[in-house]
Amino acid sequence: PIFGPRMLSMIGWLKSRAHCSYSTIAIWMDDVLGVPVSRGYLAKLCNGVISASLAAAHAQVKQAIPEQSQLGSDESSLKNNGKKHWIWCITAPLFTLFHIASSRSRSVLEELIGTDFKGFIHFDYFSANCSFAWNFGIKAQYCWAHLIRDIRFLLKHPDKKTKEWAKQLLDRSRKMFSAWHGRDEMSEAGFHRSMVMHRDRFLEIVRKPPDSTEAGNLAARFAVIPFQTEDSNEIESYDLSTDYFRFLFEPGVEPTNNHSEQQIRHCVIDRRITQGTRSAVGQRYHERMWTAIATCTKQGRSFFHFLHESISANHNGQPAPSLLTD
């Protein structure tokens with residue numbers, strides 16, 4: 001390229017951190033710097049040398065995902081040449097990884113997280129997430145923010161019994177979370193007894209739904225279901241409610257998936273400005289830049305400094321810097 005590492009870093013920062021379009025960057029360079037450049041050349045730089053400089057760091061973060069004790073997962077749509085794709089966001093305490101795929105199925109989770117994952121995953125209650133957790137024995141924590149939103153929706157149901165049922169569930173939820181937030185004021189044994197009581201009282205209500213389809217669908221999330229493994233003739237059972245109540249009994253597990261949803265908002269802003277991607281190389285650029293931006297922000301590092309180091313290392317044939325801290 002005709003530009004050095006610092007100018008390339010500025011172009012990448014404007015494109016992905018400041019959400020600028022190629023047209024805006026071209027105008028800025030011409031008007032402010034007196035350097036005329038075409039949008040096509042800017043796209044070539046971003047999808048070429050800038051993207052390549054972050055490839056190793058992105059791959060390293062991806063490899064670290066199965067080793068984490070806690071993860072969060074969320075996804076949002078993205079158009080690629082008019083066809084729907086998905087931005088997958090996998091979060092951990094010290095990094096966030098973005099991956100663009102053509103599928104929203106559990107196969108993406110199998111690729112990114114692996115089927116032998118032993119930690120906890122914060123999920124939305126979505127079919128691919130449920131299938132992944134159920135088929136591979138993943139310890140899920142489904143999002144209570146989404147659950148409460150679904151319960152509130154039933155307050156507008158035409159059936160009076162369904163409305164009353166939803167009110168009872170919301171009341172039990174409020175009492176449970178009030179007790180959960182007061183955990184520092186209880187002994188360990190007292191807190192455990194309180195959580196068991198609140199869980200059981202919630203289950204008493206939710207497992208006796210009124211005769212409406214919507215209530216039945218919500219109650220099904222908390223059912224105890226029978227199953228049989230391939231190597232056994234015995235019928236076993238699994239309590240689906242376990243994946244909603246892990247946060248009550250596992251230290252450090254949060255009841256919502258809010259963190260992953262917050263992380264993906266930056267990508268949604270980019271999507272609105274760019275209207276999506278046009279090629280696989282464009283997808284790789286975005287997922288690498290988004291990963292570096294989110295991870296540097298999470299670690300309190302300068303994204304521009306990291307990008308500059310990465311491009312300089314690539315320019316000089318040196319090992320790329322890492323997004324993973326010791």
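Everything that follows concerns the structure shown earlier in this document.
Residues numbered from 1 in each chain as written. Predicted model: local features only at pLDDT ≥ 70, side-chain atom pairs only at ≥ 80, totals over all residues. Heavy atoms only, no water.

*Asks:* Go over the packing of aromatic side chains, please, and point to the residues and values.
*Replies:* Aromatic ring pairs are described here by two measures, namely the spacing of the ring centres and the angle between the planes. Counted by the stated rule, this structure contains 21 aromatic pairs. Pairing Trp180 with Phe247 gives two aromatic rings, centres 5.2 Å apart and planes at 75°, and the pair type is edge-to-face. Separated by 67 residues along the polypeptide, Trp180 in helix 8 (residues 160–181) and Phe247 in helix 11 (residues 242–249) bring together distant segments of the chain. With respect to class, Trp180 is no different from Phe247; both count as buried. Over the face of the ring belonging to Phe126 we find Arg104, whose NZ or CZ atom lies 3.9 Å from the ring centre. Geometry around Phe120 places Lys139 over its ring, the cationic atom sitting 4.5 Å from the centre. (Phe/Tyr/Trp six-rings, centres within 6.5 Å; stacked < 30°, edge-to-face > 60°. Helix = DSSP H or I, 4+ residues; strand = E, 2+ residues; numbered from the N terminus. Buried < 20%, exposed > 50% of the residue type's maximum accessible area, 1.4 Å probe, protein only. Lys NZ or Arg CZ within 6 Å of the ring centre and 35° of its normal.)

*Asks:* An account of the packing of helix 9 (residues 188–206) against helix 11 is requested, with residue identities and associated values reported.
*Replies:* Interaxial distance between helix 9 and helix 11 falls to 10 Å at its minimum, and their mutual angle equals 160°. Relative to helix 11, the element helix 9 lies roughly antiparallel. Relative to helix 11, the crossing made by helix 9 is right-handed. Where helix 9 abuts helix 11, its residues Phe191, His192, Met195, Val196, Arg199, Phe202 and Leu203 lie against Phe245, Leu248 and Phe249. (Axes fitted to C-alpha atoms, helices over the stretch in contact; angles between N-to-C directions. Parallel < 35°, antiparallel > 145°, perpendicular 65-115°, else oblique. Left-handed = near helix turned anticlockwise from the far one by under 90°. Contact = heavy atoms within 4.5 Å.)

*Asks:* Give me the lowdown on the pairing of strand 4 (residues 120–123), citing residues and values where you can.
*Replies:* Because side chains alternate across strand 4, one face comprises the buried residues Phe120 and His122, and the other comprises Ile121 and Phe123, equally buried. Bridge count for strand 1 (residues 70–80) against strand 4 is three bridges, and the pairing is parallel. The residue of strand 4 that forms the bridge with Gly72 is His122. With four bridges connecting them, strand 4 and strand 5 (residues 139–142) associate as parallel partners. Residue pairing for strand 5: Ile121 is matched across the bridge by Ala140. (Pairing = 2+ DSSP bridges.)

*Asks:* Now, about unusual backbone geometry: what can you tell me, with residues and values included?
*Replies:* Here His19, not a glycine, exhibits a phi torsion of approximately 60°, which is positive. Along the chain, the position of His19 falls in the loop between helix 1 (5–17) and helix 2 (22–33). What makes His19 buried here is its relative accessible area of 15%. A positive phi is found at Asn81, a non-glycine position, where the angle reads about 55°. Along the chain, Asn81 falls in the loop between strand 1 and strand 2 (83–92).

*Asks:* For helix 7 (residues 144–153), give the residues involved together with the corresponding values.
*Replies:* For helix 7, the set of buried residues is Trp144, His146, Leu147 and Ile151. Projected onto a plane normal to the axis of helix 7, the buried residues spread over an arc of 160° and lie on a single side. More than 90 degrees from the buried face of helix 7, the exposed residues found are Arg149 and Phe153. Where helix 7 is buried, its residues touch strand 5, helix 8, helix 9, helix 10 (213–219), helix 11 and helix 12 (258–274). (Arc of directions from axis to C-beta.)

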